[in-house]
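Notes for the structure review
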Amino acid sequence: HSAKEKALSCFKEAIYPPLVEVGVFPPIMDKKDVLAFKGTVVGIVALLSLIVGFVTTFYVSQFLGYHFPDSPLISLFLAIATFAFIMFFFSKTNY
């Protein structure tokens, strides 16, 4: 074993579990858990994006008095743009 492998082994056995308990590091997950977590994140972001898109269009029309010719289409565009924006930043932070 090299020194790097020994240090990593020491970290995994002695240092990592207490830091997981405190909440500094997330627990090590297998691929199934990671896929489920990422799917949940994408689902939540999709729902949030739809809410943001439609609520923004509603607020603009109610508070600013602006009426869109095709409000659902504008709302859907805002939802897609919001989804893309949030997912872009998630991908940059997870890279």
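Not measured: the values here are computed from a predicted model. (Residues numbered from 1 in each chain as written. Predicted model: local features only at pLDDT ≥ 70, side-chain atom pairs only at ≥ 80, totals over all residues. Heavy atoms only, no water.)

Within the structure shown, the criterion is met by five aromatic pairs. Ring plane angle 70° and centroid distance 5.0 Å describe the contact between tyrosine 66 and phenylalanine 68, whose orientation is recorded as edge-to-face. Assessed through its relative accessible area of 48%, tyrosine 66 is described here as partly exposed. Since its relative accessible area comes to 23%, phenylalanine 68 is described here as partly exposed. An aromatic cluster of three or more residues is present, and its members are Phe58, Tyr59 and Phe63. (Phe/Tyr/Trp six-rings, centres within 6.5 Å; stacked < 30°, edge-to-face > 60°. Buried < 20%, exposed > 50% of the residue type's maximum accessible area, 1.4 Å probe, protein only.)

Taken together, Leu47, Ile51, Val55, Phe58, Tyr59, Phe63, Leu64 and Tyr66 make up a surface patch of nonpolar side chains, about 900 Å² in accessible area. Relative to the helices and strands, leucine 47 resides in helix 2 (residues 31–63). By relative accessible area, leucine 47 is classed as exposed at 53%. (Patch = residues over 30% accessible without salt bridge, like charges linked within 9 Å, V, L, I, M, F, W, Y side chains within 5 Å. Areas by Shrake-Rupley, 256 points an atom, 1.4 Å probe, with all protein chains shown as cover. Salt bridge = Lys/Arg side-chain N within 4 Å of Asp/Glu carboxyl O. Helix = DSSP H or I, 4+ residues; strand = E, 2+ residues; numbered from the N terminus.)

Without other data, these values stay purely geometric and don't point to any function.
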